[in-house]
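The residues making up each chain are set out below.
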Amino acid sequence: MILNIARRMSTVDIAALRIKYKEKKDIFHESSIEVKEPFSLFRKWFDEACNTPEIIEPNAMCLATATKDAIPSARFVLLKDITDQGFTFFTNYESRKADEIAENPNVALTFYWLPLRRSVRIEGSVEKISRSESETYFHQRPRASQIGALASPQSQPIPTRDYLDRKEQDIKDQLGPDGAVPLPNWGGYLVRPRMVEFWQGQTNRLHDRIRFRRSLREGETADGELLHQGEGGWFYDRLAP
């Protein structure tokens, strides 16, 4: 009992942690969505995040994958392209995430922009982009990042940090100061969304949640009250927080 009290006294009161979100005057209404499909709205929110100085890395997103047995894992990666097809990120094709994607192409992405009190959740399927697209992007990266990608056997056990540093130096010695860095087993993935949910926090915890979906479940119809027909084959509705 004494030990438990001591532990509580030496840590932050997690249960009491909370911040203010949006006020009632800032409710996220459906009428504010100019084009009723998720890509246009995402670009609008993303542009606002990019123009908010407090948000240092607006393209950081949590990527969740799962094995064929549905055991999940999550990590942060960087969004590198957004089109009407989906969301693109890059990684080592021999990493844990790549292994899980090969077993199970269903993934989820989450963006969280705290200063804006906004989050976006995306669920969909993922596929590799072309090698030529991956190679083009790879050689646009800083040379140090290219060498780092070549040096790192991502997600594999290594003996020490010095192992990486020596491998990096070996590559620099082999290539010289100007030699082109060969593309490792590395490249891009495109996440094609089935669902995109836009969340905006409200101080009274009656948060706004507007969801876009590509397809409906059996028996669902767009009745114009709970479920609405959007644009480009999308449907949207509002979810309770």
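Our subject is the structure that appears above.
Residues numbered from 1 in each chain as written. Predicted model: local features only at pLDDT ≥ 70, side-chain atom pairs only at ≥ 80, totals over all residues. Heavy atoms only, no water.

Draft legend 1. Region of interest: the layout of surface pockets. Roughly 290 Å³ of internal volume is contained in the largest pocket. Residue lining of the largest pocket: 17 residues in total, with Phe 90, Thr 91, Arg 141, Gln 154 and Trp 186 positioned closest to the centre. Elements represented by at least two residues in the lining of the largest pocket include exactly strand 2 (72-78), strand 4 (87-92) and helix 5 (143-151). Per-element tally for the lining of the largest pocket: the top contributor is strand 4, with four residues. (1 Å grid on protein atoms, 1.4 Å probe; cavity = no way out; pocket = protein on both sides within 12 Å on 5 of 7 lines; lining within 4 Å. Points joined across faces, edges and corners; volume = space filled by probe spheres on them. Helix = DSSP H or I, 4+ residues; strand = E, 2+ residues; numbered from the N terminus.)

Draft legend 2. Summary view of the nonpolar core. Counting residues in hydrophobic clusters, the biggest one holds 35 residues, and the most contacted among them are Phe 42, Phe 89, Trp 113, Val 120 and Phe 198. Broken down by element, this core gets its largest block of residues, six residues, from helix 2 (residues 38-50). In contact with Val 120, other than residues within four places in its own chain, are Phe 42, Trp 45, Leu 109, Thr 110, Phe 111, Trp 113, Val 196, Glu 197 and Phe 198. (Core = buried A, V, L, I, M, F, W, Y, C linked by side-chain atoms within 4.5 Å. Buried < 20%, exposed > 50% of the residue type's maximum accessible area, 1.4 Å probe, protein only. Contact = heavy atoms within 4.5 Å.)

Draft legend 3. Local environment of the packing of helix 5 against helix 6 (residues 161-175). The contact between helix 5 and helix 6 brings their axes to 9 Å, and the two run at 120°. Classified by the angle their axes make, helix 5 and helix 6 are oblique. For the pair helix 5 and helix 6, the crossing hand works out as right-handed. Seen from helix 5, the contacting residues are Arg 143, Ile 147, Leu 150 and Ala 151; seen from helix 6, they are Leu 164, Lys 167, Glu 168, Ile 171, Lys 172 and Leu 175. Residue composition of the contact of helix 5 with helix 6, grouped by class: six nonpolar, no polar and four charged. (Axes fitted to C-alpha atoms, helices over the stretch in contact; angles between N-to-C directions. Parallel < 35°, antiparallel > 145°, perpendicular 65-115°, else oblique. Left-handed = near helix turned anticlockwise from the far one by under 90°. Nonpolar A, V, L, I, M, F, W, Y, C, P; charged D, E, K, R; others polar.)

Draft legend 4. Seen up close, the packing of aromatic side chains. Tallied over the full model, the rule gives 19 aromatic pairs. Consider the rings of Phe 39 and Trp 234, whose centres lie 6.0 Å apart with planes at 85°: the pair is edge-to-face. A residue pair is termed long-range when its members are at least 10 positions apart, and Phe 39 in helix 2 and Trp 234 in the loop between strand 9 (227-229) and strand 10 (235-238) qualify at 195 residues. Each of the two residues, Phe 39 as well as Trp 234, counts as buried. With a centroid separation of 6.0 Å and an interplanar angle of 85°, the aromatic rings of Phe 198 and Phe 212 are classed as edge-to-face. Within this pair, whereas Phe 198 is found in strand 7 (residues 186-200), its partner Phe 212 is found in strand 8 (residues 208-213), the two being separated by 14 residues in sequence. By the burial criterion, Phe 198 is buried, and Phe 212 matches it. The ring of Trp 45 carries Arg 118 above its face, with NZ or CZ at 4.2 Å from the centroid. (Phe/Tyr/Trp six-rings, centres within 6.5 Å; stacked < 30°, edge-to-face > 60°. Lys NZ or Arg CZ within 6 Å of the ring centre and 35° of its normal.)

Draft legend 5. Representation of the pattern of salt bridges in the model. For the structure on display, the rule yields 18 salt bridges. Measuring nitrogen to oxygen at the nearest pair gives 3.2 Å for the salt bridge that ties Asp 26 to Lys 25. The class for Lys 25 is exposed, based on a relative accessible area of 71%. Within this structure, Arg 211, Arg 213, Arg 217, Glu 220 and Asp 237 form a network of salt bridges that share partners. (Salt bridge = Lys/Arg side-chain N within 4 Å of Asp/Glu carboxyl O.)

Draft legend 6. Representation of helix 3 (residues 96-103) in the model. Burial in helix 3 covers these residues: Lys 97, Ala 98, Glu 100 and Ile 101. Down the axis of helix 3, the smallest arc covering the buried residues is 165°, so these residues share one side. Residues of helix 3 that are buried sit in contact with strand 1 (60-66), strand 2, strand 4, strand 5 (106-113), strand 6 (118-128) and strand 7. (Arc of directions from axis to C-beta.)

Draft legend 7. Summary view of a negative patch on the surface. A surface patch of negative charge is lined by Asp 69, Glu 94, Asp 99 and Glu 103. On the secondary structure map, Asp 99 appears in helix 3. With a relative accessible area of 42%, Asp 99 lands in the partly exposed category. (Patch = residues over 30% accessible without salt bridge, like charges linked within 9 Å, V, L, I, M, F, W, Y side chains within 5 Å. Areas by Shrake-Rupley, 256 points an atom, 1.4 Å probe, with all protein chains shown as cover. Lys, Arg positive; Asp, Glu negative; His and termini not counted. Charge placed at Lys NZ, Arg CZ, Asp CG, Glu CD.)

Draft legend 8. Seen up close, the environment of Ala 60. As for its placement among the helices and strands, Ala 60 is situated in strand 1. Those residues in contact with Ala 60 that lie beyond four places of it in its chain are Val 77, Leu 78, Thr 110 and Phe 111.

Draft legend 9. Quick peek at helix 2. Here helix 2 is 13 residues long and its end C-alpha atoms lie 18 Å apart, about the 18 Å a rise of 1.5 Å per residue gives. Within helix 2 the residues assigned to the buried category are Pro 38, Phe 39, Leu 41, Phe 42, Trp 45, Phe 46 and Ala 49. Buried residues of helix 2, seen end-on, are gathered within an arc of 160° and therefore sit on one face of the element. Residues of helix 2 that are buried make contact with strand 3 (81-82), strand 4, strand 5, strand 6, strand 7 and strand 8. With a side-chain oxygen lying 2.8 Å from the backbone nitrogen of Phe 39, the N-terminal cap of helix 2 falls on Glu 37. (Expected span 1.5 Å × (residues − 1). Polar contact = N/O pair within 3.5 Å; in protein donor to acceptor, adjacent residues only side chain to side chain.)

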